[in-house]
Amino acid sequence: MTPKEIIEKAKKELSDLTGFRSPGAIGIKKEDTGWLVTIEVIEKDSIPSAMDILGTYEVHINETGKMLSYERKSLRKRSDTAS
């Protein structure tokens, strides 16, 4: 599988499992057992949108495209910037 296919698979699997919308890949890394894809999703919509709650997840995908695990690594408001 290509990195693009891995990213699309990880986004779909995470969205299907959690119900969160608008997944966006923010990183991908090759590992010994497959791929680690970092994805950001909107966990809670707010008004104004700057107050949306975004979750960052790590999704582990094996060489054949099967999801092995996922874990939320952080939460932040959309308006918060990383340091």
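Residues numbered from 1 in each chain as written. Predicted model: local features only at pLDDT ≥ 70, side-chain atom pairs only at ≥ 80, totals over all residues. Heavy atoms only, no water.

**Student:** Break down the overall build of the protein for me, with residues and values.
**Tutor:** When you go through the protein residue by residue, the secondary structure sums to 1 helix and 4 strands. Starting at the N terminus and ending at the C terminus, the protein contains elements arranged as α-β-β-β-β. For the protein, whose C-alpha radius of gyration is 13 Å, the value lies close to the compact-globule estimate of 12 Å for 83 residues. In terms of overall dimensions, the protein has a C-alpha envelope of 40 × 30 × 20 Å along the principal axes. Taken across its 83 residues, the protein has 31% of its residues classed as buried. Sequence separation of 24 or more characterises 39% of the internal contacts of the protein that already satisfy a separation of 6 or more. In the protein, which carries 14 positive and 14 negative side-chain charges, the distance between the mean positions of the two groups comes to 3 Å. (Helix = DSSP H or I, 4+ residues; strand = E, 2+ residues; numbered from the N terminus. Rg over C-alpha atoms; globule rule 2.2 N^0.38 Å. Buried < 20%, exposed > 50% of the residue type's maximum accessible area, 1.4 Å probe, protein only. Contact = heavy atoms within 4.5 Å. Lys, Arg positive; Asp, Glu negative; His and termini not counted. Charge placed at Lys NZ, Arg CZ, Asp CG, Glu CD.)

**Student:** Could you give an account of the nonpolar core, with specific residues and numbers?
**Tutor:** Counting 13 residues, the largest nonpolar core has Ala10, Leu14, Val37, Ile39, Val41, Val59 and Ile61 as its most contacted members. Among the secondary structure elements, those contributing two or more residues to this core are helix H1 (3–18), strand E2 (34–44) and strand E3 (53–62). When residues no more than four places from it in sequence are discounted, the contact partners of valine 59 are Ala10, Leu14, Trp35, Leu36, Val37, Ile39, Met67, Ser69 and Tyr70. (Core = buried A, V, L, I, M, F, W, Y, C linked by side-chain atoms within 4.5 Å.)

**Student:** Now, about the packing of aromatic side chains: what can you tell me, with residues and values included?
**Tutor:** Under the criterion given, the structure shown has 2 aromatic pairs. Taking 6.3 Å as the distance between ring centres and 45° as the angle between the ring planes, the aromatic pair formed by phenylalanine 20 and tyrosine 57 counts as tilted. You can see phenylalanine 20 sitting in the loop between H1 and strand E1 (21–31) and its partner tyrosine 57 sitting in strand E3, a full 37 residues away along the chain. Of the two residues examined, phenylalanine 20 and tyrosine 57, each falls in the buried class. (Phe/Tyr/Trp six-rings, centres within 6.5 Å; stacked < 30°, edge-to-face > 60°.)

**Student:** Report on the pattern of salt bridges, specifying residues and quantitative values.
**Tutor:** Applying the stated criterion across every chain, the model contains 8 salt bridges. Two residues, lysine 12 and aspartate 16, come together in a salt bridge whose shortest N-O distance is 2.7 Å. You can see lysine 12 and its partner aspartate 16 sitting in helix H1, 4 residues apart, about one turn around the helix. Neither residue differs from the other here; lysine 12 and aspartate 16 are each classed as exposed. (Salt bridge = Lys/Arg side-chain N within 4 Å of Asp/Glu carboxyl O.)

**Student:** Describe the pairing of E1, and please don't skip the residues or the numbers.
**Tutor:** Where E1 and E2 come together, 8 bridges link them in antiparallel fashion. Considered in E2, the bridge of lysine 29 is made with leucine 36. As consecutive antiparallel partners, E1 and E2 are separated by 2 residues. (Pairing = 2+ DSSP bridges.)

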